[in-house]
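Listed here are the chains, written in short residue letters.
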Amino acid sequence: MRPLASRMSVMSGEGALSVFARAKELEREGRSIIHLELGEPDFHPAPPVRDALERALDEGKDRYCSVPGVLALREEIAAYLKRTRNLNISPGSVVIAPGCKIGLFMALMALVEPGDEVLYPEPGFPGYPSITLGLGGVPVGFSLRERNHFQPDPDEIASKISSRTKAILTNSPNNPTGTVYTDGVQRRISELAIKHDLYVLSDEIYARIIYRDPYVSMMSYPGMKERTLIIDGFSKSFAMTGWRLGYNVAPPHIVPALEMLAVNSYTCVAEFTQYAAIEALRDPDGATPRMVGEFAARREQFVRDLNRVPGFRCAAPKGAFYAWVNIGDTGLSAEEVCRLMLEEVGVAAIPGAAFGPSGFDFVRFSFASSSATLKEAVDRIMQVSASWQSAPVRK
Ligand code: PLP
């Protein structure tokens, strides 16, 4: 047989999905597993969203539809971004995609030439380097270090910009660290983008899941509207992971390229889910703030409890729903800690290296599970922690 395209050997999978597969296997064997590996809210879309879905189907909205997405949804997204991020964008700058990840894929596909460099946060979402590599680009990580409260260091970013740099990927709140970039950091990144004529791909999928200050989009800084692509979607903020619904907000000269990519791949996104998404954005019942309030309470409890586990150290994240735990003091590798937690006591979490090499000493836990489940998870981890308290010290 002739070989597959070489890009297949440079792309990589996601740690979360492989831990999930093993956890499911154990469940099939009858084991009780607490799933803290996937980034998936344990909520479902609110009743008005489900009602709107049914209504759309009753009305026959199940046909091929507009390539960039139905106009009513793009208008609603423009209104929503004005309301929640104080952005003034036109519906014509929105392109709907089947998931935020496809939005990211299309944005990179539209911009990256072989050899182009893309700066991305590390640790970060595994798709950033993988998709960039698949397109023949060169991913260049900038570090989110614990000693810097997992904030990007603009000086490091500046030092990594070269004549081949095409774009800076930002992700605030960040998966896996939960960092919300400070205004100072975002401003510096925007100044660098302007100075070096770079695009900023701002993955804002966790923008609504923040615990303190109002959200500030990368697009809102002076001079950034013409060079920022917002990548967002419904998976996290509206608990619609399985609906596969996301969108890009792009400068006018990039929109036709995104539409061209849509025509050549998915044609359009299911019409009925788009109509239901309008209702999600309007959120008449306040479902999103209620969910985020619940995450905030769990965050308090879970971070406090995790810090009681011998060898664990964890700061409260400012956004998203992940606890990013430094396990260096256990004396074991993160892989070994995760293996023990899963195999011995049935708690599934992800070794930090799945998010890049600087995640080596970390484990990511999702706290999108009930308080009782999170408490049970820590009780189980406490039991298994005896194995590392008695283990010889690594180094
Ligand atoms: N971007 C980040 C930072 C994520 O964490 C995720 C999902 O985990 C995505 C994008 C993908 O989102 P979607 O499910 O809408 O494709």
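Bear in mind that the values here come from a model prediction, so they are computed numbers and not experimental data.

A few words now on the site of the ligand. Near the ligand there are 13 residues, and of these N175, D203, Y206, K236 and R244 occur at the shortest range. Contacts to the ligand include Y206, whose side-chain N or O atom sits 2.7 Å from an oxygen atom. Within the side chain of S235, an N or O atom sits 2.8 Å from an oxygen atom of the ligand. For the ligand, whose accessible area on its own is 400 Å², the fraction buried by protein is 92%. Taken together, the residues that form the shell around the ligand break down as five nonpolar, four polar and four charged.

As a further point, take the nonpolar core. Ranked by size, the top nonpolar core spans 97 residues in total, and within it F234, F312, M341, F365 and W388 carry the most contacts. Counting the residues that make up this core, at least three belong to each of domain 1 (6-44 + 287-388) and domain 2 (47-282). Among residues more than four places away in sequence, those in contact with W388 are V309, P310, F312, T330, L332, V337, L340, M341 and I381.

With an omega of 5°, the peptide bond running from E122 to P123 counts as cis. The residue N86 is not glycine, and still its phi comes out positive at about 55°. Mapping N86 onto the fold places it in the loop between α4 (71-85) and β2 (94-97). Despite not being glycine, R244 shows a phi value in the positive range, around 55°.

Attention shifts here to the domain arrangement of the protein chain. According to the domain assignment, the protein chain consists of domain 1 (6-44 + 287-388) and domain 2 (47-282). Each partner contributes residues to the interface: domain 1 has 36 residues there, and domain 2 has 33 residues. Together, K318, W324 and F355 form the three largest contributors to the area buried by domain 1 at its contact with domain 2, with a combined 21%. Between domain 1 and domain 2 we count two salt bridges in total. A salt bridge links E146 to R313; the nearest nitrogen and oxygen atoms lie 3.0 Å apart. At the junction of domain 1 and domain 2, the tally comes to 17 residue pairs in polar contact (both at pLDDT 80 or more). The element contributing the most residues to the side of domain 1 that touches domain 2 is helix α11 (residues 287-306), with seven residues. Here the side of domain 1 that touches domain 2 is composed, by residue class, of 19 nonpolar, 10 polar and seven charged.

This brings us to the side chain of S130. The residue S130 is located in helix α6 (residues 127-134) in this model. You can call S130 buried: its relative accessible area is 4%.

With that settled, consider the side chain of S369. Residue placement: S369 occurs in the loop between β12 (362-366) and α13 (371-389). S369 sits in the buried class, given a relative accessible area of 11%. If near-sequence neighbours (up to four positions away) are discounted, S369 is found in contact with H35, L36, D42, R298 and L374.

Mapped onto the elements, G331 comes out in the loop between β9 (322-326) and α12 (334-345). For the pair G331 and W388, spaced 57 residues apart in the sequence, the C-alpha separation amounts to 6.9 Å.

Cut-offs and rules
- Note that residues are indexed from 1 along each chain, following the sequence as it is written.
- Per-residue local features are limited, in this predicted model, to residues with pLDDT of at least 70; the limit for side-chain atom pairs, both in listing and counting, is 80 or more; totals at the level of whole chains, interfaces and linings are taken over all residues.
- Excluded from the side-chain calculations are hydrogens and water; all other atoms, namely the structure's heavy atoms, are used.
- Near residues are defined by distance, with any heavy atom within 4 Å of the molecule or strand qualifying the residue.
- Whenever a nitrogen or oxygen atom comes within 3.5 Å of another N or O atom, the pair is scored as a polar contact, on the condition that within protein one atom can donate a hydrogen and the other can accept it, and that pairs from neighbouring residues in sequence are kept only if both atoms are in side chains.
- Accessible areas in this description were obtained via Shrake-Rupley with a 1.4 Å probe; residue shielding takes into account the shown protein chains only.
- Think of it as three bins: nonpolar holds Ala, Val, Leu, Ile, Met, Phe, Trp, Tyr, Cys and Pro, charged holds Asp, Glu, Lys and Arg, and polar takes everything else, Gly as well.
- Residues belong to a common nonpolar core when they are buried Ala, Val, Leu, Ile, Met, Phe, Trp, Tyr or Cys residues joined through side-chain atoms within 4.5 Å.
- For each residue, the accessible area found with a 1.4 Å probe, counting protein chains only, is set against the maximum for its type, and the residue is called buried under 20%, exposed over 50%, and partly exposed in between.
- Boundary definitions for the domains trace back to an automatic or database domain assignment.
- The contact rule is simple, with two residues in contact once any of their heavy atoms fall within 4.5 Å.
- Secondary structure elements are taken from DSSP: a helix is a run of H or I of four residues or more, a strand is a run of E of two residues or more, and numbering for both begins at the N terminus.
- Two parts lose some accessible area (1.4 Å probe) when they are put together, and adding that loss for both gives the buried area.
- Salt bridges are counted wherever a side-chain nitrogen of Lys or Arg sits within 4 Å of a carboxyl oxygen of Asp or Glu.

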